[in-house]
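Chain by chain, the residues run as shown.
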Amino acid sequence: MKYRLLTSAVILLAVACGEEYTPPSPPPPPPPPEQEKPDNGGDGGEELETPFKDVTLLGEFTEDFDEAASFLRFAPKVNGGEDFRYYSAHPSLSARNTTVMMMRIDPADGEGWGKGPQVITKDYTFYGSYSARIRIPDIRKAQKNIGAAAGLYVHDTDEKFGRSGIDFELRIADPTKVYLAAWTGKEGELNRISRTIDLAKGKVIDCSYGTGTAEKGKLTDDGNKPASIAAISGFDASAQFYIYGFDWYPDRLIWWIRLNDNSDRVVLWEYEGTELFPDTYAPEGIPVLPAHNLTSFWHSSTRPAEGMAKATEAPKYPFEMEIDRMSYEPFDDLIKEWKDNASR
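Note that the structure is a prediction, hence the values are computed from the model and not measured.

**Student:** Is there a simple way to think about the overall build of the chain in this case?
**Tutor:** Counting secondary structure elements, the chain contains two helices and 17 strands. For the chain, buried positions account for 56% of its 344 residues. Taking contacts inside the chain between residues at least 6 apart in sequence as the whole, the part at least 24 apart equals 68%. For the chain, the accessible area works out to roughly 15,100 Å², and carbon and sulfur atoms hold 47% of it.

Listed below in structure tokens is the structure:
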């Protein structure tokens, strides 16, 4: 089933013409996508009762959102009400001859992970190559201090084994930077490895590890490759589509970007695990459990864009993110090895 936007997307057009943006009345909602009840993780992730047994893993896919996909679900509104946040097969506002999933944030959505719109795989994914072709909204003339983030993720939380999370994140207030991270450990004391890059300037701003937002140290050597990044001329994640991706291995993580379908990968970070978090299930900071693959658009008052401490505001308007496609290619040999070891 396809869902069409019933009114013009005036936000970007008004901004492009330099006019002051006056939000329209909300459009009549389309029929809602098939939804499921909020999952029992409480923060957008589902808990596994038996992490190493009877887990259904998803096979390879490329989803272009021309029609509803049976292996994906749309996160329901946490606060209820009409849901006008998802529009499949909608013409792109920025690329000709392209249809996209138009994912719209609702100013009434609550703050925090899992409260905004998310397109999520119903089954689990694991070691493999993930990517999404995305364009985020340009909000700089409409609401320059918005505290919103969007991107490509894997995410899940198990009560015993903790978080399994990988982020390729964009912060809407400044579309020239990218935020790369992996999360492990228990709720309340999540362990993090992360790298922040200004791609327009070719500058690695930070590469560190810690627990929560508290830094424990800088990553060096095999944790900080490449040590420098070449600038991507004119990089602006709101001006055009880019292909963002990461590869998940048992012993390393690789984040990368492609400028278009015909370009080569540019490696942004290759992290090779070293023991950072002893006495945990993931001492090297690399997730060890299957997780759901998703794209997400959400509000946070605690994760402002780098260098923009005031960028914490809740969205005032229903800004729109475009997702041209999501892809996943499992590393079958590594997954088979994991299954064999888990069954022993």
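**Student:** Help me understand the pairing of strand S12 (residues 214-218) in this model?
**Tutor:** Within a regular strand, side chains alternate between the sheet's two faces. Sheet topology note: the strand S11 (residues 203-211)/S12 ladder contains four bridges and is antiparallel. Opposite Tyr209, over in S12, you have Gly217 as the bridge partner. Counting the residues in the hairpin turn of S11 and S12 gives two residues, including Gly212, whose phi is positive at 65°.

**Student:** What's the story with the nonpolar core in this structure? I'm lost.
**Tutor:** In summary, soluble globular proteins display a tendency toward joint burial of nonpolar side chains. Counting 80 residues, the largest nonpolar core has Ile193 and Trp255 as its most contacted members. Top contributing element to this core by residue count: strand S7 (residues 148-158), with six residues.

**Student:** Honestly, a negative patch on the surface in this entry has me stumped. Any pointers?
**Tutor:** Residues Glu60, Glu329, Asp332, Asp333 and Glu337 make up a contiguous surface patch of negative charge. Here the negative patch gets three residues from one element, more than from any other, and that element is helix H2 (residues 332-342). Structurally, the position occupied by Asp332 is in helix H2.

**Student:** Please explain the pairing of strand S16 (residues 292-299) as it appears in this structure.
**Tutor:** Taking burial as the measure, the eight residues of S16 include eight buried ones, the bulk of the element. Where burial is concerned, the two faces of S16 agree: the one with His292, Leu294, Ser296 and Trp298 and the one with Asn293, Thr295, Phe297 and His299 are both buried. By the bridge criterion, three bridges tie strand S5 (residues 118-121) to S16 in an arrangement that is antiparallel. Bridged to Val119 within S16 is Thr295. Note that S7 and S16 share eight bridges and pair antiparallel. Paired with Tyr153 across the two strands is Leu294, which belongs to S16.

**Student:** How should I be thinking about the sheet that holds S11 in this particular structure?
**Tutor:** The strands making up a sheet are joined through hydrogen bonds of the backbone, oriented either antiparallel or parallel. With antiparallel pairing, the nine strands of this open sheet are ordered in space as S2-S5-S16-S7-S8-S9-S10-S11-S12. The sheet is open, and its two borders are formed by strand S2 (72-74) and S12, each paired with just one other strand. With strand direction ignored, the average angle separating the axes of adjacent strands in the sheet is 25°. Here S2 pairs with S5 via three bridges, running antiparallel.

**Student:** Looking at this structure, I do not really get the pattern of salt bridges. What am I missing?
**Tutor:** Pairing between side chains of opposite charge can happen when the charged atoms of each approach one another. Applying the stated criterion to the full structure yields 24 salt bridges. Across the salt bridge formed by Lys218 and Glu215, the nearest N and O atoms sit 3.4 Å from each other. Of the residues examined, Glu215 reaches a relative accessible area of 43% and is grouped as partly exposed.

**Student:** Looking at this structure, I do not really get the packing of aromatic side chains. What am I missing?
**Tutor:** Evaluation of the coordinates by the stated rule reveals 21 aromatic pairs. When the ring of Phe61 is compared with that of Phe71, the centres are 4.8 Å apart and the planes differ by 45°; the resulting orientation is tilted. Of the two residues, Phe61 is situated in strand S1 (residues 61-63) and Phe71 in the loop between S1 and S2; the sequence distance between them amounts to 10 residues. Classification of Phe61 as buried rests on a relative accessible area of 7%. Relative to Tyr271, the ring of Trp269 lies with its centre 5.8 Å away and its plane at 65°, an arrangement referred to as edge-to-face. Arg171 extends its terminal NZ or CZ atom over the ring of Tyr179, reaching a point 4.0 Å from the ring centre. Over the ring of Trp256 we find Arg265; its NZ or CZ atom is 3.9 Å from the centre of that ring.

**Student:** Even after reading the chapter, I still don't get the side chain of Asn145, so can you show me in this structure?
**Tutor:** Along the chain, the position of Asn145 falls in the loop between strand S6 (128-135) and S7. Given a relative accessible area of 17%, Asn145 falls into the buried group. For Asn145, the residues in contact, after removing those within four places along its chain, are Met308, Lys310, Ala311, Thr312 and Glu313.

**Student:** What is the right way to read the environment of Lys122 from this model?
**Tutor:** Relative to the helices and strands, Lys122 is located in the loop between S5 and S6. What makes Lys122 partly exposed here is its relative accessible area of 27%. Measuring from C-alpha to C-alpha, the distance between Lys122 and Phe74 comes to 9.5 Å, with 48 residues separating the pair along the chain. Polar contacts involving the side chain of Lys122 include one to the main-chain carbonyl oxygen of Ser70, which spans 3.0 Å.

**Student:** Teacher, can you tell me more about unusual backbone geometry here?
**Tutor:** Note on backbone geometry: most residues besides glycine have negative phi, and most peptide bonds are trans. Residue Pro226 is bonded to the preceding Lys225 through a cis peptide linkage, with omega at -15°. In this fold, Pro226 is placed in the loop between S12 and strand S13 (242-248). Although it is not a glycine, Asp221 adopts a positive phi angle of roughly 50°. Tracing the backbone through its elements, the reader meets Asp221 in the loop between S12 and S13.

About the cut-offs
Residues numbered from 1 in each chain as written. Predicted model: local features only at pLDDT ≥ 70, side-chain atom pairs only at ≥ 80, totals over all residues. Heavy atoms only, no water. Helix = DSSP H or I, 4+ residues; strand = E, 2+ residues; numbered from the N terminus. Buried < 20%, exposed > 50% of the residue type's maximum accessible area, 1.4 Å probe, protein only. Contact = heavy atoms within 4.5 Å. Areas by Shrake-Rupley, 256 points an atom, 1.4 Å probe, with all protein chains shown as cover. Pairing = 2+ DSSP bridges. Core = buried A, V, L, I, M, F, W, Y, C linked by side-chain atoms within 4.5 Å. Patch = residues over 30% accessible without salt bridge, like charges linked within 9 Å, V, L, I, M, F, W, Y side chains within 5 Å. Salt bridge = Lys/Arg side-chain N within 4 Å of Asp/Glu carboxyl O. Lys, Arg positive; Asp, Glu negative; His and termini not counted. Charge placed at Lys NZ, Arg CZ, Asp CG, Glu CD. Axes fitted to C-alpha atoms, helices over the stretch in contact; angles between N-to-C directions. Phe/Tyr/Trp six-rings, centres within 6.5 Å; stacked < 30°, edge-to-face > 60°. Lys NZ or Arg CZ within 6 Å of the ring centre and 35° of its normal. Polar contact = N/O pair within 3.5 Å; in protein donor to acceptor, adjacent residues only side chain to side chain.

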